[in-house]
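For reference, the chains in residue letters:
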Amino acid sequence: MTDEEHGFATEQVHGGFQPDAAHGARVPAIHMSSGFLFDDFDQARDRFAGTDDGYTYTRLGNPTNADVERRVALLERGVEAILVGSGQAAATIAFLGVLQAGDHVVAARSIYEGTKGLLVQNLGRLGIEVDFVADQRDLDEWARLVRPNTKAFFAETIPNPKNDVLDITGVADTAHRAGVPLIVDNTLATPYLVRPVEHGADIVVHSASKFLSGHGAGLGGVVVDGGTFDWSASPERWVHLTSPERSLGGASYVERYGSRAFIVFARDVVASRIGPTPSPFNAFLLRQGIETLSLRVERHSANALAVASFLEQQPEVTSVDYAGLASSPYRDLAERYLPRGAGSVFAFTLAGGEPAARTFIDTVQLFSRMTHLGDVRSLILHPATTTHAGKTAEERADQGIHDGLIRLSVGIEDVADLVRDLSRGFAALRGAAGSVGSVGLEARVGSVTELAALEHAVPGNHVIAEEL
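An unreviewed UniProt entry lists the protein chain under the name homocysteine desulfhydrase, from Curtobacterium pusillum. The Sequence similarities (unreviewed entry) field of the UniProt record for the protein chain holds the comment "Belongs to the trans-sulfuration enzymes family." For the record of the protein chain, the UniProt heading Cofactor (unreviewed entry) holds the text "pyridoxal 5'-phosphate".

Right, here's the structure in full:
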């Protein structure tokens, strides 16, 4: 591609593409090779010295993976990206690229439970501490939790399951006043809905297994460096980036790589040694998904708004946590940061508690009962007994995870069919499980028999739990 400006859909299809000089293939090859041949003795020496940009070993880099890295970096407006094996791996690489023993992190309490466990248990064992902001809209609380050893802020653009949109600029400005970078998980928004770097974030991570891939067929994660944070401003705080490095001939990472210092260190020192390398085949699946990202996310968001609006009208529902609704306390932030839509992962709460949630979830047929997000298929889950089961009842209540709360990841099916399926759940709650009735939308799926023919849900008695 040329240097001229292109639209998002064009970039998601063409961005970062490098033509196949050998065969002219328009779709880049899947390079399922552990290692790569050297032409001669000198080339091997030069590649290990870093003076030749060719590949040596897939753990350190692979052409298929690199194609995805270039494309995601472009879409997120970053300087470089690292593709890894999962979203958890991406968060780990990002944290370890910044933090060391004795450091402190300020994070939003609403983040994914797996990332929370990573900070508290895994990094905690390494001498890294974390404090959580109860209300991420309270910028004063972010500032109050800063310590002299604070080295990073962390939050999600659209947290799961409450859809409580992040004030990216406000939190980024607070982080920068404290002299630290803001790391943002942009999984549920994707760069199509918001580019956090454009609003002040410094590092962006993704669970690429979700919307970027889109089809639930493979795992992946991405770390993107915005290239915006000045690591040289306080060199004593980032000694791993500003101190002389023998492998760089005595230069520091900042001296050698400038704005790319963090991402090069994260790739060469952290990721390469921990080894969370994705299969090139998974990278291929991810690349295929990215090429239709805008089309899918646009449909996801439109469907979610329609479903949320429908749910808000049901008497059994006490609340709908969707920032796209006029009733949401996060509507102003959604309008500011997410003009294309508020995503498709959100929760609603049934007045009948866990018994009502059980009946509802076991009755729906189009919604798959499974622990995943961002799939083209619509998904449904009960957080209190799955993703947040390790919390006490008091802790769940404090986070708004009530016994009647149900999480949805709205897919790209016909919205009339989704509403009809949810209406089946409400009919069951009302004691009319065999009758769906009129839902005010033309549904293409008619009878229960027809829906059963489309069945793709995990059996209701199959235990599934997300990492806690």
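There is more to say, and it comes next.
Undergrad: Would you mind showing me how to read the UniProt feature "modified residue: N6-(pyridoxal phosphate)lysine" (unreviewed entry) in the protein chain here?
TA: Feature annotation in UniProt assigns "modified residue: N6-(pyridoxal phosphate)lysine" (unreviewed entry) to the following positions: Lys-210. Here Lys-210 is to be found in the loop between strand 6 (203–207) and strand 7 (221–225). On the basis of relative accessibility, which here comes to 17%, the residue Lys-210 falls in the buried class. Sequence-distant contacts of Lys-210, that is, excluding residues within four places in its chain, are made with Thr-187, His-372, Leu-373 and Gly-374. Here Ser-207 takes part through its side chain, which lies 2.8 Å from a polar atom of the side chain of Lys-210.

Undergrad: Would you mind going over helix 7 (residues 168–177) with me for this structure?
TA: Two residues of an α-helix separated by three or four positions point the same way, owing to the 3.6 residues in each turn. Here helix 7 has its buried residues at Ile-168, Gly-170, Val-171, Ala-172, Thr-174 and Ala-175. Taken from the residues just after helix 7, Gly-179 is the one with a positive phi, measuring 80°.

Undergrad: Would you mind showing me how to read the layout of surface pockets here?
TA: Vacant regions in the atomic arrangement are exposed by a probe of water-molecule size rolled over the atoms. Put simply, the largest pocket is a space of about 1,200 Å³. For the largest pocket, the lining is made up of 33 residues, of which Arg-47, Gly-50, Leu-60, Arg-267 and Asp-268 are closest to its centre. Broken down by secondary-structure element, the contributors of at least two residues to the lining of the largest pocket are helix 2 (41–49), helix 3 (63–75), strand 1 (80–84), helix 10 (253–257) and helix 11 (261–274). A breakdown of the residues in the lining of the largest pocket according to their chemical character gives 14 nonpolar, seven polar and 12 charged.

Undergrad: Can you help me understand the confidence of the model for the protein chain in this one?
TA: Detailed reading of the predicted coordinates is not advisable wherever pLDDT falls low. Averaged over every residue, the pLDDT of the protein chain is 89; residues scoring 70 or more account for 90%. The low-confidence segment residues 433–468 (pLDDT under 50) makes 65 contacts with residues lying over four places distant or belonging to another chain.

Undergrad: Could you clarify how one ought to interpret the packing of aromatic side chains in this entry?
TA: What characterises a pair of aromatic rings is the spacing of the ring centres plus the angle enclosed by the ring planes. Within the structure shown, the criterion is met by 16 aromatic pairs. Here Phe-38 and Phe-48 contribute two aromatic rings whose centre-to-centre distance is 6.3 Å and whose plane-to-plane angle is 65°, an arrangement assigned as edge-to-face. With Phe-38 in the loop between helix 1 (8–14) and helix 2 and Phe-48 in helix 2, this residue pair connects regions lying 10 residues apart in the sequence. By relative accessible area, Phe-38 is classed as partly exposed at 31%. Among the residues examined, Phe-48 registers a relative accessible area of 64% and is labelled exposed. Measuring from ring centre to ring centre gives 5.0 Å for Phe-360 and Phe-426, while their planes differ by 70°; the resulting arrangement is edge-to-face. Within this pair, whereas Phe-360 is found in helix 15 (residues 353–363), its partner Phe-426 is found in helix 17 (residues 415–429), the two being separated by 66 residues in sequence. For the pair shown, Phe-360 and Phe-426 are each scored as buried.

Criteria and thresholds
Residues numbered from 1 in each chain as written. Predicted model: local features only at pLDDT ≥ 70, side-chain atom pairs only at ≥ 80, totals over all residues. Heavy atoms only, no water. UniProt positions renumbered as here; feature names shortened; annotations may be inferred. Helix = DSSP H or I, 4+ residues; strand = E, 2+ residues; numbered from the N terminus. Buried < 20%, exposed > 50% of the residue type's maximum accessible area, 1.4 Å probe, protein only. Contact = heavy atoms within 4.5 Å. Polar contact = N/O pair within 3.5 Å; in protein donor to acceptor, adjacent residues only side chain to side chain. 1 Å grid on protein atoms, 1.4 Å probe; cavity = no way out; pocket = protein on both sides within 12 Å on 5 of 7 lines; lining within 4 Å. Points joined across faces, edges and corners; volume = space filled by probe spheres on them. Nonpolar A, V, L, I, M, F, W, Y, C, P; charged D, E, K, R; others polar. pLDDT = per-residue confidence, 0-100. Phe/Tyr/Trp six-rings, centres within 6.5 Å; stacked < 30°, edge-to-face > 60°.

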